[in-house]
Amino acid sequence: MTDIIRAGTPGTPGTPGTESLVCRLVDAELLVPTGVLGLYGRSGTYQDVADGIGAMVRRWGASLGARRLHLPPVLGRATFAHTNYLESFPDLMGSVHVFSGGNPEHKELLRRVESGGDWPALLEPADVVLASAACHGVYPLCTGVLPIEGRTFDVQSYCFRHEPSPQAARMQSFVMHEIAHVGTADGAWNHREEGLAHGLRMLSGLGLDMSAVPASDPFFGRVGAVLAAGQLDEELKMEGVTAIPGTQGMTAIMSANSHRDHFGVPFGIETAGGAVAHSACVAFGVDRIVVALLAVHGLDPASWPSGVRDQLGLAGSLA
Ligand SMILES: [Zn+2]
């Protein structure tokens, strides 16, 4: 199976020189290949590290009084449309399709499967799409008037982005763990600022060499270039980046995002003072953090520095 990773999935050219880390992770049986670029199973050892990161994020969320939510990897289509994700990132989203035909259509479906025909053409869009960001699920819960202190959520889910890549840190299906705040403009901005500082401290404490850089989202198309420039200008998105050995350049493993009223308007969220609510989220790319830790400290977490293992709660589980 590692040959599929090394060569690239049929139809997706492999990129020599960028795939070495993912091959090492697969060879070490930390990631399990599926034949699709950027889609992996996780070993128990890998998951223990991911759980350790999750516990660290949860502790921070608990200190803020965050409501803890584990959301499914799919999101209602109507909610998704309200996030305006399609305006900015149509190329990254994924839809779910279902079969709703009768016996004749079923017969045709099987015929096409057997003959290698176009069987997905017989499916119809479901009421759900794949989640693109964990925090998208919290805004519909806030519709109406917020309590005076706003609302804070500790939210995680598997997310999907359609960007097949042989790079270990760019998965199509990955876990995002966010602490999101919905409240006043000042409250949301403070959450972004404090969250960025907290996240950088947390990840530096795990032995990762972190720095913060203003960033822009990969907006689609010509309008997208304008949106990206505006986002950069106003420093609405800050990324915590690190160098992952075996990959090129710097990789964002967390981000701290000011949405202003981007979600407050479509979801009808008001502050106690009657203003349109602002929101901000601090997002940890759990898989990217695991990959970075494995690349920096070595592929056997049992041999990691004891301070790192202690923070991740690995002391007993891997002994
Ligand atoms: Zn978010």
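This one's a predicted model, so the numbers in the text were calculated from it and none came from an experiment.

Each value, and the rule that gives it
- Residues numbered from 1 in each chain as written.
- Predicted model: local features only at pLDDT ≥ 70, side-chain atom pairs only at ≥ 80, totals over all residues.
- Helix = DSSP H or I, 4+ residues; strand = E, 2+ residues; numbered from the N terminus.
- Rg over C-alpha atoms; globule rule 2.2 N^0.38 Å.
- Buried ≥ 20, exposed ≤ 12 C-beta atoms within 10 Å, placed from the backbone.
- Contact = placed C-beta atoms within 7 Å.
- Domains from an automatic or database assignment.
- pLDDT = per-residue confidence, 0-100.
- Core = buried A, V, L, I, M, F, W, Y, C linked by C-beta atoms within 7 Å.
- Pairing = 2+ DSSP bridges.
- Axes fitted to C-alpha atoms, helices over the stretch in contact; angles between N-to-C directions.
- Parallel < 35°, antiparallel > 145°, perpendicular 65-115°, else oblique.
- Left-handed = near helix turned anticlockwise from the far one by under 90°.
- Nonpolar A, V, L, I, M, F, W, Y, C, P; charged D, E, K, R; others polar.

### Describing the overall build of the protein chain
Along the backbone of the protein chain there are ten helices and 14 strands. In terms of C-alpha radius of gyration, the protein chain reaches 21 Å, essentially the compact-globule figure of 20 Å for 319 residues. Dimensions of the protein chain along its principal axes, counting C-alpha atoms only, are 60 × 55 × 40 Å. When burial is assessed residue by residue, the protein chain has 39% of its 319 residues classed as buried. Considering only residue pairs separated by 6 or more positions, the protein chain has 70% of its internal contacts joining residues 24 or more positions apart.

### Quick look at the domain arrangement of the protein chain
Partitioning the protein chain into domains gives domain 1 (47-93 + 132-311) and domain 2 (100-125). One C-alpha centre belongs to domain 1, the other to domain 2; they are set 38 Å apart.

### Some thoughts on unusual backbone geometry
The backbone of E29 shows a phi angle near 60°, a positive value even though the residue is not glycine. Tracing the backbone through its elements, the reader meets E29 in the loop between α2 (20-27) and β1 (31-33). Phi is positive for R260, close to 50°, though the residue is something other than glycine. Considering the arrangement of structural elements, one finds R260 in strand β12 (residues 250-260). A tally of 17 C-beta atoms within 10 Å means that R260 is categorised as partly exposed.

### Digging into the environment of L21
Of note, L21 is situated in helix α2. With 165 residues separating them in the primary sequence, L21 and D186 have C-alpha atoms 41 Å apart. Among all residues touching L21, those that are not within four sequence positions of it are A168, G246, T247 and A295.

### Examining the confidence of the model for the protein chain
Residues at a pLDDT of 70 or more form 93% of the protein chain, whose mean pLDDT is 91. For the stretch residues 7-18, pLDDT sits under 50, and the model shows 20 contacts to residues farther than four places along the chain or on other chains.

### Comments concerning the nonpolar core
Counting residues in hydrophobic clusters, the biggest one holds 71 residues, and the most contacted among them are I53, I289 and V290. In terms of residue count, helix α9 (residues 286-297) provides more of this core than any other element does, eight residues in total. If sequence neighbours within four positions are ignored, I289 has contacts with I53, L203, I253 and F284.

### Remarks on the sheet that holds strand β8 (residues 151-160)
Strand order in the open sheet formed by seven strands is β3-β8-β9-β14-β12-β11-β10, with mixed pairing between adjacent strands. Two strands lie at the open edges of the sheet, namely β3 (67-70) and β10 (211-215), each paired on one side alone. With strand direction ignored, the average angle separating the axes of adjacent strands in the sheet is 20°. Across ten bridges, the pairing between β8 and strand β9 (residues 173-183) is antiparallel. Paired with C159 across the bridge in β9 is F174.

### Brief notes about the packing of helix α3 (residues 44-63) against α9
At a closest axis distance of 9 Å, the pairing of α3 and α9 adopts a crossing angle of 120°. Here α3 is positioned oblique relative to α9, judged by the angle of their axes. In this structure, the crossing between α3 and α9 has a hand that is right-handed. Here α3 contributes Y46, V49, A50, I53 and G54 to the contact with α9, which in turn contributes V286, I289, V290 and L293. Split into classes, the residues belonging to the contact of α3 with α9 amount to eight nonpolar, one polar and no charged.

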